[in-house]
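These are the residues of each chain, in order.
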Amino acid sequence: MISIELPDGSRREFDAPVTVAQVAASIGSGLAKAALAGRVTQDGQPRVVDTSFVIDRDMPLAIVTDKDADGLEVIRHSTAHLLAYAVKELFPDAQVTIGPVIENGFFYDFSYKRPFTPEDLAAIEAKMAELARKDEKVERRVLPRDEAVAYFKGIGEHYKAEIIAGIPSNEDVSLYREGAFEDLCRGPHVPSTGRLKHFKLMKVAGAYWRGDHRNEMLQRIYGTAWATKDELQQHLHMLEEAEKRDHRKLGRELDLFHIDEHAPGLVFWHPRGWTLWQNVEQYMRRVYRDNGYQEVKGPQILDKSLWEKTGHWDNYRDNMFTTESEKREYALKPMNCPGHVLIFSSAMRSYRDLPLRYGEFGQCHRNEPSGSMHGIMRVRGFTQDDGHIFCTEDHILDECVAYTTLLQKVYADFGFTEIIYKVATRPEHRVGSDALWDKAEFAVMEAMRRSGCEFIVSPGDGAFYGPKIEYTLKDALGRQWQCGTMQVDFNTAERLGGEYVTESSGRAHPVMLHRAIIGSFERFIGILIEQHAGALPAWLAPVQVDVLNITEAQADYAAEVVKSLQKQGLRVESDLRNEKINYKIRQHSMQKVPYILVVGDKEKANGTVAVRARGNRDLGVMPLADFSTLIAKDIAAKT
Ligand SMILES: [Zn+2]
Ligand SMILES: [Zn+2]
């Protein structure tokens, strides 16, 4: 008798071994049709299996459908196979390599004599749809490793043969066949190709075999796949929107910044972009000041011996830019933390000084591959709103609560209201006693509860030196960006010799809390640009007001208006060119300036301005003083 426990706690019993599909059928014909896979637990480990998987002993089972995240994963994975199948049908001399699932979809790398064209992609996608309509069964078989190597060599798939040859020789490998196409795979897969309906091929790019530039360049085809037509369409719509909002495109159009071959992965900020930066920085500076932080600034280049103490020299050297002078080696700092410990240690500290909070707009450099750069979102040189709180273990809870409240306010001010909270707990390899971890983990979770935050726990994902909270914001397109972080650290201060005098006149190492709210300025400004589609709220906009005259006769009045608003501290520009007013309005509207003021003879005679708010909203003619009040309110409200 085999007893299978279902997710609702009920049990089904069978006289003989049964497949997942048979269990689904015994529950109902609807479920039998919807079943994509099963989730079983064997030896305490959950794993997703094919519907043809045979259950031959007691175990828990959940039927996986397309409503299940595992189901979507199976769909995406199976669609990658369908892609390879279609490519082999259309280009028989292409060789298959690997095809993993990625965020929102999948890719598959092929060896082929030339790059695939957009026309090829369209043909491949059509072939995939045709093969899916045939609804061919996906069947699994198992071969000893050497037989599998021989099999793939025999059909001319040399990359597959190479992959399998890397598997230990005593292991069996599983192969999946659909129609004429068979691929090495661990599975699981959908039961038949007809289950794959909502997919689209996105693009093709070059990728080196095994990611090594000395190897052959392969053709990587990217695709997306979803459980329903609606979800696919929503995703495509989101991508379209994202393209319109792309910060690289807007950065060019709004003349904010550029990246230059002379400094790969580093940003040249143009006047308007730098004004935006300054607006963010000045805001964050007030955040430091009003919340008990002291702003500090450490040096950019620090001696190798410091990085040896932190462990960076041994473990992170390839990612650091190094230099030397007078026979000493230095590194450009990849992080600000050690600098803050040195400032902490520059004087005798007492328990009475704690918690001591330092904040820095710390510029860091990390030598990452130039290929992984993305506009200003992924760069080699970036500045963080990097703060460190030196405290005792008893302070952790209150500090985490205060920080979380602060972060929520900052994100809301920048227009982000949805935040995802994640607590990462002790990993297997760690420093510090269990009692210390217990206390710190309780503190970060209790801080979440006191702040009214629902949070996800990811067990084992903490750093070796302490637990952490990750704060991820959701943007206008539903994309997630992890920006904020709060990391408890029992180790760094001790490693670098930071200590304070305790109440009983002994010595102790402080706990260090590493925290950033917006994270990298470069990345955050990129997110801001995309969030607002370049139409930054008045408090952030590099230019807040444009003053346009209708004819030469009002040039002096326009200049007066500019001067008066500038006196109010506003960022104002004027366009006094002898051009048609509609042309000037159109041009400045495209720059997404919050307010355009038009002045003609009437406005000049009455001391008024005709106000157009962004988005072509005509607010009418008003005295200049009224406009001053209006924009001041707008700026204060940060909307
Ligand atoms: Zn597979
Ligand atoms: Zn730090």
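Reading the values: the criteria
The residue numbering used here restarts from 1 in each chain and proceeds along that chain's sequence as written. Whichever chain is written first becomes A and whichever ligand is written first becomes 1, with later ones labelled in order. At least 70 in pLDDT is required for a residue's local features to be given in this predicted model, at least 80 for side-chain atom pairs to be given and counted, and no such filter applies to totals for whole chains, interfaces and linings, which use all residues. Hydrogens and water are ignored here; the side-chain numbers use all heavy atoms of the structure. The term salt bridge refers to a side-chain nitrogen of Lys or Arg lying within 4 Å of a carboxyl oxygen of Asp or Glu. Counting from the N terminus, the helices are the DSSP runs of H or I reaching at least four residues and the strands are the DSSP runs of E reaching at least two. To sort residues, take the accessible area from a 1.4 Å probe on protein chains only and compare it with the maximum for the residue type: under 20% means buried, over 50% means exposed, and anything in between is partly exposed. Throughout this description, the term nonpolar core refers to a set of buried Ala, Val, Leu, Ile, Met, Phe, Trp, Tyr and Cys residues connected via side-chain atoms within 4.5 Å. Contacts are assigned to residue pairs with any non-hydrogen atoms lying within 4.5 Å of each other.

Enquirer: What is the right way to read the pattern of salt bridges from this model?
Expert: Side-chain pairs of opposite charge can arise whenever the charged atoms involved come near each other. If you walk through the whole model with that rule in mind, you get 49 salt bridges. Of the charged contacts, one joins arginine 210 and glutamate 162 as a salt bridge, the two residues approaching to 3.3 Å between their closest N and O atoms. Placement of the pair is arginine 210 in the loop between strand S14 (198-208) and strand S15 (217-226) and glutamate 162 in helix H6 (residues 158-165), with a sequence separation of 48 residues. A relative accessible area of 53% means that arginine 210 is categorised as exposed. With a relative accessible area of 39%, glutamate 162 lands in the partly exposed category. Residue arginine 449 pairs with glutamate 446 through a salt bridge whose shortest N-O separation is 3.1 Å. Taken together, the positions of arginine 449 and glutamate 446, both in helix H14 (residues 434-450) and 3 residues apart, correspond to about one turn of that helix. For arginine 449, a relative accessible area of 44% translates into the label partly exposed. Taken together, the shared-partner salt bridges in this structure form one network comprising Arg426, Arg430, Asp434, Asp438 and Glu441.

Enquirer: Can you walk me through the nonpolar core in this structure?
Expert: In a soluble, globular protein the nonpolar side chains are often hidden away together inside. Core analysis: the biggest nonpolar cluster contains 67 residues, and Val280, Met284, Tyr411, Phe414 and Tyr471 have the highest contact counts within it. For this core, the element with the highest residue contribution is helix H13 (residues 396-413), accounting for 9 residues. Leave out the neighbours within four places in its chain, and methionine 284 touches Phe361, Asp385, Val410, Phe414, Ile517, Ile518 and Phe521. The next biggest cluster of nonpolar side chains, apart from the first, holds 36 residues, and it includes Leu82, Ala94, Ile124 and Leu201.

Enquirer: So what exactly am I meant to see when it comes to the side chain of glutamate 530 here?
Expert: On the secondary structure map, glutamate 530 appears in helix H16 (residues 521-531). With a relative accessible area of 4%, glutamate 530 lands in the buried category. Not counting the four nearest positions on each side in its chain, glutamate 530 is found in contact with Arg245, Asp246, His247, Met377 and Arg479.

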